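Coordinates in review
Each chain is listed here by its residues.
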Amino acid sequence: MLFDFALIGGDERLTYMAENLSDMKYNVTTYCLDVKEQKTNVFAAKSLKDAIESAKVLICPTPFTFDNKTIVSKALNCVLSIEEFKNNITKNNILFAGCIPKEILDICKQKNITVYDYMENNHLAIYNSIATAEGAIAEAIINQPTNLHLSNCLVLGFGRCAKTLANKLKGLLAKVSICAIDEDSRSEANAYGYNSFDFSQLKNKIKDFKYIFNTIPSIILDENILPFVDSDVFILDIARGVDMDFCKDKHINAKLSLGIPGRFSPKSSADALTNLTLKIINET
């Protein structure tokens, strides 16, 4: 093993992580990752196999994949095959990544590889929800010519990201409603001062909202619901729950925005990832 860490794929969060680790005097290799500034102890691997074999600790993106075929990478002209990754990791490796798919977890278990999923860490997941919420609000401000102030905003779902987003929207004096399938979630939303309703009412109520934020990772807004939205609506989908083809065909103002922390607050997110990674390594 020539390097302390191999950073494979990813967005600007891993770029800043490489810089953080380099500044801490760790030796780092990267593959399919753009590095802003050439450091004396950061080296580009020649191949995925080379990156995996030359470092014990592998750091991969959050999320690990969008399509279950390739590892996420923002580097140009670079395709990272999950199959190749699976074939090359060994028991000598330790894997860090976020939202790791089951097939990777299964192969790591078979090969006795230690795995840490960043999003299984509650502290980091909450921190990630902050970056996601701030980025989602930035997207809404950029893509809609009206104020969020006093606007009717709908958040679909009431998980970790949705709760943080709703709270920040409320702080901007938006009128926030929650649509959630779970009765306990709706009761909790009411306790926080939001309006709430279940999905059986969505078709009748959706026309009342100028901003809609989807946080549910399954198709919620489709051809059965979307025809009823307001003509001036802006829909932001952060979880692949909106039929974007239908929106495009019907000229509905909608945007799919994945990996928000990596685009809007990569340095802050990288600092949190770096600190957690080193904490885990030092405790094992």
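For the structure itself, look to the data block above.
This report concerns the structure included in the present document.

Definitions and cut-offs
Residues numbered from 1 in each chain as written. Predicted model: local features only at pLDDT ≥ 70, side-chain atom pairs only at ≥ 80, totals over all residues. Heavy atoms only, no water. Helix = DSSP H or I, 4+ residues; strand = E, 2+ residues; numbered from the N terminus. Buried < 20%, exposed > 50% of the residue type's maximum accessible area, 1.4 Å probe, protein only. Contact = heavy atoms within 4.5 Å. Axes fitted to C-alpha atoms, helices over the stretch in contact; angles between N-to-C directions. Parallel < 35°, antiparallel > 145°, perpendicular 65-115°, else oblique. Nonpolar A, V, L, I, M, F, W, Y, C, P; charged D, E, K, R; others polar. Pairing = 2+ DSSP bridges. Core = buried A, V, L, I, M, F, W, Y, C linked by side-chain atoms within 4.5 Å. Expected span 1.5 Å × (residues − 1).

1. A short note on the environment of Ser265
Of note, Ser265 is situated in the loop between α10 (260-264) and α11 (266-283). Taking the relative accessible area as the measure of exposure, Ser265 reaches 16% and is therefore buried. For Ser265, the residues in contact, after removing those within four places along its chain, are Ala131 and Ile260.

2. Considerations on the packing of helix α5 (residues 122-143) against α11
Running from N to C, α5 and α11 cross one another at 175°; their axes reach a closest spacing of 10 Å. Comparing their axes, α11 and α5 come out roughly antiparallel. From α5, Leu124, Tyr127 and Ala131 reach across to α11, where they touch Ser268, Ser269, Ala272, Leu273 and Leu276. Partitioned by chemical class, the residues of the contact of α5 with α11 number six nonpolar, two polar and no charged.

3. Topic: the sheet that holds strand β4 (residues 55-59)
The sheet built from six strands is open, its strands ordered β3-β2-β1-β4-β7-β8 with parallel pairing. Both edges of this open sheet fall to β3 (42-44) and β8 (114-117), since each of them pairs with a single strand only. Pairs of neighbouring strands in the sheet enclose a mean axial angle of 20°, with direction left out of account. Where strand β1 (residues 3-8) meets strand β2 (residues 28-31), four bridges bridge the pair, whose relative direction is parallel. For Leu7, the partnering residue across the bridge sits in β2 and is Thr30.

4. A short note on the nonpolar core
Ranked by internal contacts, the top residues of the largest apolar core, which has 26 residues, are Ile8, Leu58, Phe64, Phe85, Ile89 and Ile104. Those elements that place two or more of their residues in this core are β1, α2 (48-53), β4, α3 (82-88), β7 (94-97) and α4 (102-110). Other than its neighbours up to four places away in sequence, Leu58 contacts Ala6, Ile8, Ala51, Ile52, Phe85, Ile89, Asn93, Ile94, Leu95 and Phe96. Within the second largest apolar cluster, 24 residues are counted, among which are Ala133, Ala166, Val176 and Ile260.

5. Topic: helix α6 (residues 160-171)
Two residues of an α-helix separated by three or four positions point the same way, owing to the 3.6 residues in each turn. Between its first and last C-alpha, α6 extends 17 Å over 12 residues, near the 16 Å set by a 1.5 Å rise per residue. Buried residues of α6: Ala162, Thr164, Leu165, Ala166 and Leu169, and no others. With its phi angle positive at about 65°, Leu173 sits one or two positions after the end of α6.

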